[in-house]
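Okay, here's what each chain looks like letter by letter:
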Amino acid sequence: MEEKKKADISDLSIYYQELLFQNEEMKRIMQENELLKQRYQRLYEDAPAGYVVYNHNGQIITANNTLCCLLGFPVQECQLHRFPRYVLPEFQDELYLMIQRVLKKKTPESIEVQIRGADEIRDVMVTTNCYCEEIEIPGIEEPVSSDLLRSVITDITGLKKRQRDFWNRSVHDPLTGIYNRQYYKEEMHDMDVMENFPLSVSMVDIDGLKIINDTLGHEFGDQAIKVIVNELKRNARPEYTLMRVGGDEIVILFPRTNLETVRRYMQEAKKAMEEKSISGIPLSFSWGAATKNTPEEQLSFIVAAAEDMMYSRKQVRGGSRFNGAVHLILESLFERNRQVRDHSLRIRQFINDFGTWMGLGEEEVACLCSAGLLHDIGMASISDEILNKNSMLPETEQREVLRHPEVGGRILHANGDTAVYAEAVLYHHENWDGTGYPRGLAGERIPFEARVLAIADAYDRMKYGLNGRGTRYKDEMMILEEFERCKGRQFDPKLTEKLLEWKTEKKHPAS
């Protein structure tokens, strides 16, 4: 009997130990579960996306911290809010339709909407599905099964902004900021609807842009485009759409606008352009317009009619558009910089006296004098900031100045009346030994007129200085010594000898 009791006590002890072990194991498992619960709760609350559960009326049942922060209310108050009320009105119908489809089909759906965030309007992606959950209703003993909706709210504001920025860049002309040809193709189709009639179209072509580009350079051509576009934009109504569809072509769409209104608008813009110019070249444009009044008319025919009118006006102006352009450019340059003007006038007089002394013919002297007056016309392409600077120029600005013979040659060559002077101006900074610019010509490959210009230009700069910075040559003797030193290197040796002889004779005339 005693042995049986001992055996029972031993068994109880073993069982007790097993219970203790199982209890400890249960505690460990409960602790691990609690840690997992806390971990998943943190993941849920601080997820990078909002998470919300709500019923078919939109009443929020639970929401994570991310969504509450996004919408701007405390987590503790989430059940006091309805999710759809945070969606902007223009998207609410779409949200309710999605909710109905999800409840009916039991399949998830996603839509993009905008919501009122705590700080600003936000673009979000709402991905929604439904599930069944038993909920307790006061007064009813048995839990009731109910379909609930759960949505993941992903903030895509940054992505949508980048998309909008990319779209804006893709349909806007980077130079002028107005729409481009790609947008024109889409807009012509979208605007061709009854509510926009009468729909007017104007075709605009910038006059002489190629000449500006070829003579002054594309930087000035771009400036001309911007000036004209800004003038067209200045009086444009908000509903007018301006589109640059080519280098010098602009299309304007006028919804709900009759032809007479378009004419007034275009005539006012054209009149304002009479006061605009680029380095002396007056700015202008040719235009044509036509109107679609009924759905039966083809918009492509209306555009063609406007284009035909525009080209007709352009042809009437013909070549007279740039008659006197060289004179205008030179006049503008002289107004901008008195030193260039005085230098050019002195060069003309110097060449007249020197050429006459050498026994050149009257016509040849006159031609050389004109080239002397025009030799720095390429300076018109240089900005006033550089042109009027009295200090030494940095390398980038020096390169701009060194372009002026080429620009001057292009300006003169583009106008039939002055093409005869183009080579003299183009090569007047070439050196006899081939070290000059812009082509590095040497010896007699340099045109005679350019060699005369080179001597006249150098003499004047040595005597009067450059851009008002004074001169290191104290008297004419020092200037003539410099010519003697550079004879055969920078200057034509025979012409230099004639210069020295002429100046000596002037100083000591024969009795």
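In the block above lies the structure referred to throughout.
Residues numbered from 1 in each chain as written. Predicted model: local features only at pLDDT ≥ 70, side-chain atom pairs only at ≥ 80, totals over all residues. Heavy atoms only, no water.

A.B. asks: What exactly am I supposed to notice about the nonpolar core here?
C.D. replies: If you look at the biggest cluster of nonpolar residues, it comprises 76 residues, and the most contacted ones within it are Leu-232, Ile-252, Met-266, Phe-285, Ile-351 and Phe-483. Ranked by residues supplied to this core, first place goes to helix H17 (residues 448-464) with 7 residues. The contacts of Ile-252, once residues within four sequence positions are left out, are Ser-200, Val-201, Ser-202, Val-204, Leu-232, Tyr-240, Thr-241, Leu-242, Tyr-265 and Met-266. Grouped together as the second largest cluster of nonpolar side chains are 27 residues, Ala-63, Leu-67, Leu-71 and Tyr-86 included. (Core = buried A, V, L, I, M, F, W, Y, C linked by side-chain atoms within 4.5 Å. Buried < 20%, exposed > 50% of the residue type's maximum accessible area, 1.4 Å probe, protein only. Helix = DSSP H or I, 4+ residues; strand = E, 2+ residues; numbered from the N terminus. Contact = heavy atoms within 4.5 Å.)

A.B. asks: How should empty space enclosed by the protein be read in this particular structure?
C.D. replies: In this approach a probe as big as a water molecule rolls over the atoms, and the regions it shows empty are the leftover space. Enumeration over the complete set of coordinates arrives at 1 cavity of 30 Å³ or more. In this structure, the largest cavity spans a volume of roughly 50 Å³. Taken together, Tyr-427, Glu-430, Asn-431, Trp-432, Ile-446, Ala-450, Arg-451, Ala-454, Ile-455, Gln-490, Phe-491 and Asp-492 form the lining of the largest cavity. When its residues are assigned to classes, the lining of the largest cavity shows 7 nonpolar, 2 polar and 3 charged. (1 Å grid on protein atoms, 1.4 Å probe; cavity = no way out; pocket = protein on both sides within 12 Å on 5 of 7 lines; lining within 4 Å. Points joined across faces, edges and corners; volume = space filled by probe spheres on them. Nonpolar A, V, L, I, M, F, W, Y, C, P; charged D, E, K, R; others polar.)

A.B. asks: Please explain the layout of surface pockets as it appears in this structure.
C.D. replies: Estimates place the volume of the largest pocket at around 920 Å³. For the lining of the largest pocket, the secondary structure elements donating two or more residues are helix H11 (338-358), helix H13 (384-387), helix H14 (395-402) and H17. Among the elements that line the lining of the largest pocket, the one with the most residues is H17, at 6 residues. Counted by class, the lining of the largest pocket contains 15 nonpolar, 12 polar and 7 charged residues. Taken together, 16 residues form the lining of the second largest pocket, with Phe-220, Gln-223, Arg-336, Ile-382 and Ser-383 sitting closest to its centre. By residue number, the principal contributor to the lining of the second largest pocket is helix H7 (residues 218-234), which donates 3 residues. In the lining of the second largest pocket, the residues fall into 5 nonpolar, 7 polar and 4 charged.

A.B. asks: I'm lost on a nonpolar patch on the surface in this one. Help?
C.D. replies: Where nonpolar side chains cluster on the molecular surface, the patch consists of Leu-36, Tyr-40 and Leu-43 and spans about 310 Å² of accessible area. Mapped onto the secondary structure, Tyr-40 falls in helix H1 (residues 2-45). (Patch = residues over 30% accessible without salt bridge, like charges linked within 9 Å, V, L, I, M, F, W, Y side chains within 5 Å. Areas by Shrake-Rupley, 256 points an atom, 1.4 Å probe, with all protein chains shown as cover. Salt bridge = Lys/Arg side-chain N within 4 Å of Asp/Glu carboxyl O.)

A.B. asks: What am I meant to see in the environment of Ile-115 here?
C.D. replies: Mapped onto the fold, Ile-115 is located in strand S3 (residues 109-116). Using a relative accessible area of 1% as the deciding quantity, one classes Ile-115 as buried. Setting aside its immediate chain neighbours within four residues, Ile-115 contacts Leu-70, Leu-71, Tyr-86, Val-87, Leu-88, Glu-120, Ile-121, Arg-122 and Val-124.

A.B. asks: How do you make sense of helix H15 (residues 404-414) when you look at a structure like this?
C.D. replies: For the α-helix, the turn length of 3.6 residues means that residues three or four positions removed from each other point alike. Buried within H15 we find His-404, Pro-405, Val-407, Gly-408, Gly-409, Ile-411 and Leu-412. As for H15, its buried residues are in contact with helix H6 (209-215), helix H10 (325-336), helix H12 (362-374), H14 and helix H16 (422-426).

A.B. asks: Explain the packing of H17 against helix H18 (residues 476-486) to me, please; I cannot follow it from the model alone.
C.D. replies: Packed helices, taken two at a time, are described by the angle their axes make and the gap between the axes. The N-to-C vectors of H17 and H18 enclose an angle of 140 degrees; their axes lie 10 Å apart at closest approach. Classified by the angle between their axes, H17 and H18 sit oblique to one another. Helix-helix and strand crossings are classified by hand; for H17 and H18 the assignment is right-handed. In this structure, H17 uses Ile-455, Ala-458, Tyr-459, Met-462 and Lys-463 to contact H18, whose residues at the interface are Glu-476, Ile-479, Glu-482 and Phe-483. (Axes fitted to C-alpha atoms, helices over the stretch in contact; angles between N-to-C directions. Parallel < 35°, antiparallel > 145°, perpendicular 65-115°, else oblique. Left-handed = near helix turned anticlockwise from the far one by under 90°.)

A.B. asks: Sorry if this is basic, but what is going on with the packing of aromatic side chains here?
C.D. replies: Between two aromatic rings, the relevant description is the distance of the centres plus the angle of the planes. Under the counting rule described, the total for this entry stands at 14 aromatic pairs. With centroids separated by 4.6 Å and ring planes inclined at 70 degrees, the aromatic side chains of Tyr-240 and Phe-254 adopt a geometry described as edge-to-face. Separated by 14 residues along the polypeptide, Tyr-240 in the loop between H7 and strand S7 (241-244) and Phe-254 in strand S8 (residues 249-254) bring together distant segments of the chain. The class for Phe-254 is buried, based on a relative accessible area of 0%. For the ring pair Phe-483 and Phe-491, a centre distance of 4.7 Å and an interplane angle of 35 degrees mean the geometry is tilted. Accessibility assignment for this pair places Phe-483 and Phe-491 in one class, buried. Of the aromatic side chains, those joined through ring pairs into one cluster are Phe-350, Phe-354, Trp-357, Tyr-459, Phe-483, Phe-491 and Trp-502. (Phe/Tyr/Trp six-rings, centres within 6.5 Å; stacked < 30°, edge-to-face > 60°.)

A.B. asks: Would you mind showing me how to read the packing of H10 against H11 here?
C.D. replies: Viewed as axis vectors pointing N to C, H10 and H11 meet at an angle of 120 degrees, and their least axial separation amounts to 5 Å. Judged by the inter-axis angle, H10 sits oblique to H11. Here Leu-333, Phe-334 and Arg-336 of H10 come into contact with H11, specifically with Arg-338, Val-340, Arg-341 and Ser-344. A breakdown of the residues in the contact of H10 with H11 according to their chemical character gives 3 nonpolar, 1 polar and 3 charged.

A.B. asks: I tried to follow the side chain of Arg-244 on my own but got confused; where do I start?
C.D. replies: Positionally, Arg-244 belongs in strand S7. In this structure the side chain of Arg-244 is engaged in a polar contact, spanning 3.2 Å, whose partner is the side chain of Asp-173. Other than its neighbours up to four places away in sequence, Arg-244 contacts Asp-173, Leu-175, Ile-178, Tyr-179, Asn-180, Arg-181, Ile-225, Glu-249 and Ile-250. (Polar contact = N/O pair within 3.5 Å; in protein donor to acceptor, adjacent residues only side chain to side chain.)

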